[in-house]
Protein chains: 2
Amino acid sequence: MENALSSQQKMDRINQTILNLTHRFDELTVDECFSQIGSAAMSALDGHFCGIYVWDHDEEPYSLATIGSDREFSDSIDQPWMKEFIHYLKQIEAPTFMNDPEHPFPNIENFPLRQYICYPIVLFSELLGLMIVLRKDKPFEEDDLFLLRPLANLLGTALPNIYNDSLVELAEICIRFLEEKDPYTHGHSLRVMKYADTIAREYKLPAHARRELKICSLLHDIGKVIIKDSILSKPGRLTDYEFKIMQMHPQIGSNITEKIGKHFAEKILYHHERYDGKGYPAGLKGDEIPLISRIIAIADAFDAMTSRRSYRNSMTVEKALEEIQRNGGTQFDPSLVECLVKAYKEGRFQIIHA
Amino acid sequence: MENALSSQQKMDRINQTILNLTHRFDELTVDECFSQIGSAAMSALDGHFCGIYVWDHDEEPYSLATIGSDREFSDSIDQPWMKEFIHYLKQIEAPTFMNDPEHPFPNIENFPLRQYICYPIVLFSELLGLMIVLRKDKPFEEDDLFLLRPLANLLGTALPNIYNDSLVELAEICIRFLEEKDPYTHGHSLRVMKYADTIAREYKLPAHARRELKICSLLHDIGKVIIKDSILSKPGRLTDYEFKIMQMHPQIGSNITEKIGKHFAEKILYHHERYDGKGYPAGLKGDEIPLISRIIAIADAFDAMTSRRSYRNSMTVEKALEEIQRNGGTQFDPSLVECLVKAYKEGRFQIIHA
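Quick caveat, the model's predicted, so the values are computed rather than measured.

## Topic: the relation of the copies chain A and chain B
Laying chain A over chain B is done by rotating through 180° and shifting 0.0 Å along the axis; what remains is an RMSD of 0.1 Å. The superposition of one copy onto the other is thereby described by a two-fold rotation axis. Same-surface contact between copies: 100% of interface residues of chain A are shared with the interface of chain B.

## Thoughts on the side chain of Lys224(A)
Locating Lys224(A) in the fold gives a position in the loop between α8 (207-219) and α9 (229-232). Once residues within four sequence positions are removed from consideration, Lys224(A) is found in contact with Leu232(A), Met246(A) and His249(A).

## Quick look at helix α15 (residues 334-345) of chain B
Residue and element names in this part refer to chain B. Taking 1.5 Å per residue as the helical rise, α15 with its 12 residues ought to reach 16 Å, and the 16 Å between its terminal C-alpha atoms agrees with that figure. Three or more residues of α15 are buried, namely Leu336, Val337, Cys339, Leu340, Val341 and Ala343. Tucked inside the fold, the buried residues of α15 contact α7 (188-202), α13 (291-306) and α14 (317-326). Directly beyond the C-terminal end of α15, a positive phi value near 75° is found at Gly347.

## Quick look at the domain arrangement of chain A
Residue and element names in this part refer to chain A. Looking at the assigned domains, one finds that chain A contains domain 1 (7-160) and domain 2 (181-346). Contacts between domain 1 and domain 2 engage nine residues on the former and seven residues on the latter. Of the roughly 670 Å² buried at the junction of domain 1 and domain 2 (both faces included), carbon and sulfur atoms supply 46%. Our enumeration of links across domain 1 and domain 2 arrives at zero salt bridges. In this assembly, domain 1 and domain 2 are joined by zero residue pairs in polar contact (both at pLDDT 80 or more). At the level of elements, α2 (30-44) and β2 (61-67) are the ones that each hand at least two residues to the side of domain 1 that touches domain 2. The greatest single-element share of the side of domain 1 that touches domain 2, amounting to three residues, is contributed by β2. Looking at side-chain class alone, the side of domain 1 that touches domain 2 contains three nonpolar, two polar and four charged residues.

## Some points on the packing of aromatic side chains
Throughout the structure, instances matching the rule amount to 10 aromatic pairs over all chains. Plain terms: the ring middles of Tyr195(A) and Phe349(A) are 5.3 Å apart, the flat faces sit at 90° to each other, and that makes the pair edge-to-face. Of this pair, Tyr195(A) sits in helix α7 (residues 188-202) while Phe349(A) sits in the segment after α15 (334-345), placing them 154 residues apart in sequence. Both residues of the pair, Tyr195(A) and Phe349(A), count as buried. By the ring-pair criterion, three or more aromatic residues cluster together here, those being Tyr195(A), Phe302(A), Tyr344(A) and Phe349(A). Geometry around Phe140(A) places Arg135(A) over its ring, the cationic atom sitting 4.2 Å from the centre. Over the aromatic face of Tyr62(B) sits the side chain of Arg210(B), whose NZ or CZ is 4.4 Å from the ring centroid.

## Remarks on the interface of chain A and chain B
Contacts between the two partners involve 46 residues from chain A, matched on the other side by 46 residues from chain B. Buried area between chain A and chain B, both sides added, is near 4,300 Å², and the carbon and sulfur share of it is 68%. On the surface where chain A and chain B come into contact, there are two salt bridges. Where Glu27(A) meets Arg149(B), a salt bridge forms, and the shortest distance between an N and an O atom there is 3.2 Å. If you look at where chain A meets chain B, you find 13 residue pairs in polar contact (both at pLDDT 80 or more). Contributing elements (two or more residues each) for the side of chain A that touches chain B: α1 (7-24), α2, β4 (115-123), α5 (142-162) and α6 (165-180) of chain A. The element that contributes the greatest number of residues to the side of chain A that touches chain B is α5(A), accounting for 10 residues. In terms of residue class, the side of chain A that touches chain B is built from 29 nonpolar, 10 polar and seven charged.

## Structural notes on the nonpolar core
By size, the foremost hydrophobic cluster in this structure holds 97 residues, and its most contacted members are Leu219(A), Phe302(A), Leu219(B), Ile222(B) and Phe302(B). In contact with Phe302(B), other than residues within four places in its own chain, are Tyr195(B), Val317(B), Ala320(B), Leu321(B), Ile324(B), Leu340(B), Phe349(B) and Ile351(B). Counting 82 residues, the second-largest nonpolar core is a separate cluster that includes Tyr62(A), Leu45(B), Leu151(B) and Leu159(B).

## A few points about the sheet that holds strand β5 (residues 126-134) of chain A
Residue and element names in this part refer to chain A. The strand order across the open sheet built from five strands is β2-β1-β5-β4-β3, with neighbouring strands paired in antiparallel fashion. In this open sheet, the two edge strands, each paired with only one partner strand, are β2 and β3 (96-99). The average undirected angle you get between the axes of adjacent strands in this sheet is 20°. Contacts from α2 reach β1 (49-55), β2 and β5, with the element oriented near 70° to β2. Taken strand by strand, helix α4 (residues 80-92) contacts β1, β2, β3, β4 and β5, and its axis lies near 125° from that of β5.

## Some thoughts on the packing of α7(A) against α15(A)
All names here are of chain A. At a minimum axis distance of 8 Å, the contact between α7 and α15 shows a crossing angle of 100°. When the axes of α7 and α15 are compared, the pair comes out roughly perpendicular. Touching Thr198, Ile199 and Glu202 of α7 are Leu336, Cys339, Leu340, Lys342 and Ala343, all from α15. Of the residues belonging to the contact of α7 with α15, the class tally is five nonpolar, one polar and two charged.

What counts as what
Residues numbered from 1 in each chain as written. Chains lettered and ligands numbered in written order. Predicted model: local features only at pLDDT ≥ 70, side-chain atom pairs only at ≥ 80, totals over all residues. Heavy atoms only, no water. Least-squares fit on C-alpha atoms with pLDDT ≥ 70 in both. Contact = heavy atoms within 4.5 Å. Helix = DSSP H or I, 4+ residues; strand = E, 2+ residues; numbered from the N terminus. Expected span 1.5 Å × (residues − 1). Buried < 20%, exposed > 50% of the residue type's maximum accessible area, 1.4 Å probe, protein only. Domains from an automatic or database assignment. Buried area = accessible area lost by both parts, 1.4 Å probe. Salt bridge = Lys/Arg side-chain N within 4 Å of Asp/Glu carboxyl O. Polar contact = N/O pair within 3.5 Å; in protein donor to acceptor, adjacent residues only side chain to side chain. Nonpolar A, V, L, I, M, F, W, Y, C, P; charged D, E, K, R; others polar. Phe/Tyr/Trp six-rings, centres within 6.5 Å; stacked < 30°, edge-to-face > 60°. Lys NZ or Arg CZ within 6 Å of the ring centre and 35° of its normal. Core = buried A, V, L, I, M, F, W, Y, C linked by side-chain atoms within 4.5 Å. Pairing = 2+ DSSP bridges. Axes fitted to C-alpha atoms, helices over the stretch in contact; angles between N-to-C directions. Parallel < 35°, antiparallel > 145°, perpendicular 65-115°, else oblique.

See the structure below:
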């Protein structure tokens, strides 16, 4: 019995998906858009898994979407072999496939993929990511690459809308220079960004939200730059008046960043809210506080405790985590606190020394 | 004789264009992509003109592409009525059309459009721009809006890849803070950006290149931030050694910005090249120097001459323009010098006072 679709039938199906998507793009969410493209690739190629991968500015690969129930591959991006494999495909920069070879992948021990096909996601000459489809039985053919091309292209147009590292890079440069003059804040925002990202990975935050978190955590204290150094670096207690001025920094930061994007400004505005509603400037409570702001609050407090400040020495990591756990449910979102603690206990949390 | 296509035939044509584009996106240039979408809109709607409009961070509208030979509308974006019209359509935020009304546009005197149709370009809930088609004879119908939707959606996915103001905004914030401390450089990069943009508009540089120019001109001196203040703000002549250090700033700036984008870094590297090949760091000549770097060189020199520096007072605008013209063909690209002079003579050049 021959049930297989012809190449032309498969291409017709893909074209139908593309038209459906294009006619409805203005009402889709990011996730719907990616998962529909991934599903179309999987079904046209009779695959059992499709992954869409990009890499961050440290060249660390991660998955933007995985389609298919194969748990082994959905989480594979955390495996060393998968990282090396993505790195290898990135170097090739060309469509490619592999069928059940004798030596599947010489440089990687126990390489678990027998059959894969990969199409690079390129737009305006820039390599943005990779689309990979896995299949268990039939071998891939040259023609299958043609099927993937329009889908990879459509990803290429949609991808930079939600994932563009230039902004993260510039924010990092900007904040690094601004913090340079003060030995006590030097590197603070960069560390907050890394700690926040640790919580986000543990929380399985989608890639586009993680990018937003990176930008917001890098810029969360930008409102402090217009506060006088005499207050910022004052050894000892602030007066009530000085404290009021200091408390204006989320609002100032939000005003400064509004033109970069209202969604960034909003998250920066609320990074000093408390989970119990006793924070500032708005006194928001629980889930009223944006998730990204709740993450930054924890990362910010953790770095403040573990770094040396003008008025005290730093705490040990264990002591700081204890302190943060003690404030879960009052100052911090307890489920996010648990993410940080879990990452630390399981060795996925790297402390950065000032 | 009835030659008109049915709605379904028109939609089929549009779908064909979409598929053609999606299958070939990875080999298209930005301009090809926009002009093919615009042409498809025009031909499906029997229009005589199609314009794709966005606005910059000052809400100033400009055209990303115009298709059709109607010169009157191609250049209309510089007309006050067109600016007001775009502003009006932007407020509506909904697909709309107009047919030969008695009072075409109450707030705009001598409004020249009798028939137009407009579809907003939206992606992931954000309004990015507008697509407008004009037609002289037949009235537009409700169905015509459906024809435009997939094309506007496709523009929506492609547009932010080349046109995203967040990066310009962040660069502006970054450089404003960095320059704040020094009264002599305060506002320099922002002014260079505005002057460079004046030249670019006069030169009819495409919108995506203008965006790149903005970012590069804002960041052109970022390499100076790691040069000691004692050299930067030294009153009087620099020693040979100090001068050598100063001359390293394009290379340093290029290294700093490389992660934001290699294309930015390259333009910053060459902003002190001279048209006659006697500049630094590479001694490139004429067209070997990237266009964007050649524009920055002129804007940079113009601002240096017209601003007060530690070692001398500022020149008048006329004197500075004369000086720049005198150096056209040696230090500067003469055709770009002419753009600046023409903009000034014809009143399209706004001097910014420090």
